[in-house]
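Each chain is listed here by its residues.
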Amino acid sequence: MVSTSPALASTADSCQYLPFVNSEAVLSPNQQLLPLTAAVTPDAHLSVGSCDVVDLVERFGTPLYILDDHTLRTACRQYRQGFERHYPGESLVLYASKAWSCMAVCAIVTDEGLGIDVVSAGELLTATEAGADRDRIYFHGNNKSAEELALAVEVGCRVVVDNWLELKTLGEIATQEGKTVPLLLRVTPGIECHTHDYIRTGHLDSKFGFDPDQIEAVFEFLVGQPQLNCLGVHAHIGSQIFELNPHTDLGGVMAQWIVTAQRYGLPLTELDVGGGLGIRYTEADDPPSIETWVKTVCASVVAACKAQNLPLPRLLCEPGRSLIGPACVTAYRVGSQKVIPGLRTYVSVDGGMSDNPRPITYQSVYRALVANRMTAPLDKTVTLAGKHCESGDILIKDAALPELKSGDVVTIAGTGAYNYSMASNYNRVPRPAAVLVSGGNACLIIRRETLVDLLRQDCLPETLRPKVKST
Ligand SMILES: *Cc1c(COP(=O)(O)O)cnc(C)c1O
């Protein structure tokens, strides 16, 4: 249950940014523009996790990722409890850690009873170091190296096998090590999602997973490889999905694969439907709630198993964006402005594509607010630009904001997913710090990179070393 306190809600009423919901209803984090604890203080500052954002940036600097513990944990619980309510069999929610892989986030989701999906040795290490349980780690990816596969076998996590090369390499490693490797098979389901519609095809032009045509050959191969313990099947149909139909269809498609496996004497007990639930980046976005998504997935799998006379498998899903995306905001300081009369006003902030590459990469749209003047009227339309040497480094085109001055704290909402994890050092800009906020406390979860950090991997050959100039 989340509600804004009456005092804060009345301040918020006069604030045009925030569609605050002042009710006892259970809020789905992915349907909110801001973290669930977002509020406006009496002096019209934004607060998150009961921490004043203006204080946070004074203490930790900018740009700053501000992660709200309560919103992340609420999303975890809504997924987990949704499965407990709507699925009569066993279930496990995995966090797709590529959305934001760091030890603190992995530790929080582990504490909430989730497993973790990793796609590289680096993400695997982050998850294990954060205390994730080995048999709740699922290793994905379409081109895992032999070293990564060997590491997966050594760690004892589950491998989501994507292709023949991997299947054969994994079989060899398992034999050499004298180990049995638990695995899922990733299959392309022929369901492709765009944001607002989807297509069903026999084959899909995707780099991920076995073509459905191949599945019988794979099962036949597995029958002769007792060191490879195929537990189930996996499919992931896309990301930032607002429709429910694709997931309704997916249950039926995947149950059919389990039936096929039975014919080869392989009793599959796990079914992983992937992630993909969308979030609200702007007022225009209207995703279904976590509860509705989970209910749809469960109903689809239960109905498909009943129709095929299958025992209920252990049902897994692996959301990334909808778990972490709404839990974070990024705060920047406003710097220079360029007014082009009759055309556009550019307002530059002290970050940009290096801390949030989604606008330049995917033309993603975000919502901004001014954390130090939350009740100021939104009477200007400006373009929020990053500081990088790239004309396309625009965070938000045509943002409705108040008149901005240098030093204002502009804050962008919904930056928890695919921001820090895709951050770069473009232009040799150090990557920002991240803080975790909860109940008025803020603690550092990612240290801000320093200029010295930027030189850490550089090697300067002897012959290139600066000569001491003779005078
Ligand atoms: C990216 C990805 C996810 C998570 O997707 P979201 O849209 O962030 O929920 C889950 N599973 C796989 C295999 C993925 O590639």
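What counts and what doesn't
- Residues numbered from 1 in each chain as written.
- Predicted model: local features only at pLDDT ≥ 70, side-chain atom pairs only at ≥ 80, totals over all residues.
- Heavy atoms only, no water.
- Pairing = 2+ DSSP bridges.
- Helix = DSSP H or I, 4+ residues; strand = E, 2+ residues; numbered from the N terminus.
- Axes fitted to C-alpha atoms, helices over the stretch in contact; angles between N-to-C directions.
- Near = heavy atom within 4 Å.
- Polar contact = N/O pair within 3.5 Å; in protein donor to acceptor, adjacent residues only side chain to side chain.
- Areas by Shrake-Rupley, 256 points an atom, 1.4 Å probe, with all protein chains shown as cover.
- Nonpolar A, V, L, I, M, F, W, Y, C, P; charged D, E, K, R; others polar.
- Phe/Tyr/Trp six-rings, centres within 6.5 Å; stacked < 30°, edge-to-face > 60°.
- Buried < 20%, exposed > 50% of the residue type's maximum accessible area, 1.4 Å probe, protein only.
- pLDDT = per-residue confidence, 0-100.
- Contact = heavy atoms within 4.5 Å.

1. A look at the sheet that holds strand E12 (residues 228–234)
- One closed barrel holds the 8 strands; their spatial order is E5-E6-E7-E8-E9-E12-E13-E14, and the pairing between them is parallel. Sheet twist, expressed as the mean angle between neighbouring strand axes with direction ignored, is 30 degrees.
- Inspection of the sheet shows E12 paired to strand E13 (residues 270–272) by 3 bridges, in the parallel sense. Along E13, the bridge assignment pairs Val233 with Leu271.

2. Things to note about the site of the ligand
- Lys98, Ser239, Glu318, Arg321 and Tyr418 are the nearest of the 15 residues found near the ligand.
- At a separation of 2.3 Å, an oxygen atom of the ligand approaches a polar side-chain atom of Ser239.
- Residue Tyr418 places a side-chain N or O atom 2.6 Å away from an oxygen atom belonging to the ligand.
- Protein coverage of the free-state accessible area of the ligand, which is 390 Å², stands at 94%.
- Across the shell around the ligand, the residue classes tally to 3 nonpolar, 7 polar and 5 charged.

3. Digging into the packing of aromatic side chains
- Scanning the model with the defined rule gives 8 aromatic pairs in all.
- Arranged with centres 5.8 Å apart and planes meeting at 55 degrees, the rings of Tyr65 and Trp100 form a pair that is tilted. Of this pair, Tyr65 sits in strand E4 (residues 64–68) while Trp100 sits in the loop between strand E5 (91–96) and helix H4 (103–111), and the two are 35 residues apart along the sequence. Residues Tyr65 and Trp100 agree in their burial class; the two are buried.
- Pairing Tyr65 with Tyr420 gives two aromatic rings, centres 6.0 Å apart and planes at 90 degrees, and the pair type is edge-to-face. A residue pair is termed long-range when its members are at least 10 positions apart, and Tyr65 in strand E4 and Tyr420 in the loop between strand E20 (409–413) and strand E21 (433–438) qualify at 355 residues.
- What makes Tyr65 buried here is its relative accessible area of 0%.

4. Brief notes about the confidence of the model for the chain
- Here the chain averages 93 in pLDDT, while 94% of its residues score no lower than 70.
- With pLDDT under 50 throughout, residues 1–16 is counted as low confidence; its partners more than four residues away or in other chains account for 30 contacts.
- Of the regions scoring below 50 in pLDDT, residues 19–24 engages in 17 contacts with residues more than four places distant in sequence or in other chains.

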